[in-house]
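Breakdown of the fold
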Amino acid sequence: EFEIGELMIINDHINTFPEHPLRGKNYNELGTRFPDMSKAYDPELIAKAKEIAAKHNIRVKEGVYLGTQGPTFETPAEYKYFRIVAADAVGMSTVPEVIVAVHANMRVFGMSIITDLGVEGKIVEVTHEEVQQVANSVQPKMALIMRELISSL
């Protein structure tokens, strides 16, 4: 249901990174060994961001973000698999940072720009430059939401 250039508020994620960011020695002063990830994305921040978007007539949707290692774009088979496991968007960032933030007991809000479609029948060859161009064109809307969200805290 997403279109290129839309904003997606991340309400959950799927971690496919081969190396977990919390692997290794844990320092209790930084966070618990096994942080609960059941509400990694703060519901209150999501609600505030949706209110801000509505106030400015900015269309946003919520969805599940799947983090991949990269630096390659996905194959059609990978896109199909990601849909099967309930991902709405795919990217090469965000997930490790969110895991570390939750580990440190921080409130988390995440947003992604849909820059290409991994939907069967809509998959086209894409370049990094095209992805950046879409992201740059939508970035002002995302920045507006983020600025107002931070100001509301």
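Preceding block: the structure.
Summary of the structure given here. (Residues numbered from 1 in each chain as written. Predicted model: local features only at pLDDT ≥ 70, side-chain atom pairs only at ≥ 80, totals over all residues. Heavy atoms only, no water.)

This part covers the overall build of the protein. When helices and strands are counted, the protein shows 4 helices and 4 strands. Beginning at the N terminus, the succession of helices and strands in the protein can be written as β-α-β-α-β-α-β-α. Against the globule reference of 15 Å for 153 residues, the protein gives a C-alpha radius of gyration of 16 Å, in line with a compact fold. Across its three principal directions, the C-alpha atoms of the protein cover 45 × 40 × 25 Å. For the protein, buried positions account for 38% of its 153 residues. Contacts spanning at least 24 positions in sequence make up 82% of the contacts within the protein whose residues lie at least 6 apart. Of the accessible surface of the protein, which amounts to about 9,500 Å², a share of 54% is contributed by carbon and sulfur atoms. Within the protein, the 21 negative side-chain charges are centred at a point lying 6 Å from the centre of the 15 positive side-chain charges. (Helix = DSSP H or I, 4+ residues; strand = E, 2+ residues; numbered from the N terminus. Rg over C-alpha atoms; globule rule 2.2 N^0.38 Å. Buried < 20%, exposed > 50% of the residue type's maximum accessible area, 1.4 Å probe, protein only. Contact = heavy atoms within 4.5 Å. Areas by Shrake-Rupley, 256 points an atom, 1.4 Å probe, with all protein chains shown as cover. Lys, Arg positive; Asp, Glu negative; His and termini not counted. Charge placed at Lys NZ, Arg CZ, Asp CG, Glu CD.)

Before going further, it helps to examine a nonpolar patch on the surface. Together, Tyr81, Ile84 and Val85 make up an exposed nonpolar region whose accessible area comes to about 310 Å². As for its position among the elements, Ile84 is in helix H2 (residues 76–84). Residue class for Ile84 comes out exposed when judged on its relative accessible area of 65%. (Patch = residues over 30% accessible without salt bridge, like charges linked within 9 Å, V, L, I, M, F, W, Y side chains within 5 Å. Salt bridge = Lys/Arg side-chain N within 4 Å of Asp/Glu carboxyl O.)

Moving on, we get to helix H3 (residues 95–103). Looking only at H3, the buried set comprises Val95, Val98, Ile99, Ala101, Val102 and His103. In this structure, the buried residues of H3 make contact with strand S1 (7–15) and strand S2 (60–67). Once H3 ends, the next one or two residues include Asn105, with phi positive near 65°.

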